[in-house]
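Okay, here's what each chain looks like letter by letter:
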Amino acid sequence: MPGEAGIAGLGQRLLARLHRITYLRYIGASAFALAADMGLFLLLLAGGWHAAAASAISYSAGIAVHWLISTRLVFVAGAQTRGIERARQKALFLGSALAGLGITVGIVWAGDAFGLDPRLAKLAAIAISFQTTYVLRKAIVFAGR
């Protein structure tokens, strides 16, 4: 049976291995961005905003959070640090975010139009836009050139 030092070492190796998996880091970044998004979404709904407008504003806040985390913790190897390539990457990231925004607003709007609770529609939108933006960001935005 391994001692405490052996268990701690095993835990550290496991965390290091998990950290190398881009998708898991992306999930973590998305969780932070989602917290910002959903928190603001619920505040705006409580303030009487229309569901689709609240979804657009809150998703935009989540985009800013996601960019910061993605470039510093998730896609570090593919992140450009300056110049025209950095500007290009920001534009591509924004494009992927706009695709996610379109999906999110469309699903929330449709759900609301069909009488679905906007919070449930937002959850469905999260699942679909998450996968879409991950694929776009991994394959295009932060792909090595």
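Residues numbered from 1 in each chain as written. Predicted model: local features only at pLDDT ≥ 70, side-chain atom pairs only at ≥ 80, totals over all residues. Heavy atoms only, no water.

*Asks:* It is not clear to me how the environment of Arg88 should be interpreted in this structure. Could you clarify?
*Replies:* Mapped onto the fold, Arg88 is located in helix H4 (residues 83–113). Assessed through its relative accessible area of 32%, Arg88 is described here as partly exposed. In the structure, Arg88 is positioned 53 residues away from Val141 in sequence and 8.7 Å away in space, judged by C-alpha atoms. (Helix = DSSP H or I, 4+ residues; strand = E, 2+ residues; numbered from the N terminus. Buried < 20%, exposed > 50% of the residue type's maximum accessible area, 1.4 Å probe, protein only.)

*Asks:* For this particular structure, what's the right way to read the pattern of salt bridges?
*Replies:* Think of it this way: side chains of opposite charge can pair up when their charged atoms draw near. Applying the stated criterion across every chain yields a total of three salt bridges. Between Lys122 and Asp37 there is a salt bridge, with the nearest N and O atoms lying 2.9 Å from each other. With Lys122 in helix H5 (residues 118–141) and Asp37 in helix H2 (residues 22–46), the pair connects residues that are 85 residues apart, well separated along the chain. Each member of the pair, Lys122 as well as Asp37, is classed as buried. With a closest N to O distance of 4.0 Å, Glu85 and Arg88 form a salt bridge. Of this pair, Glu85 and Arg88 both sit in helix H4, three residues apart, roughly one helical turn. Classification of Glu85 as partly exposed rests on a relative accessible area of 25%. (Salt bridge = Lys/Arg side-chain N within 4 Å of Asp/Glu carboxyl O.)

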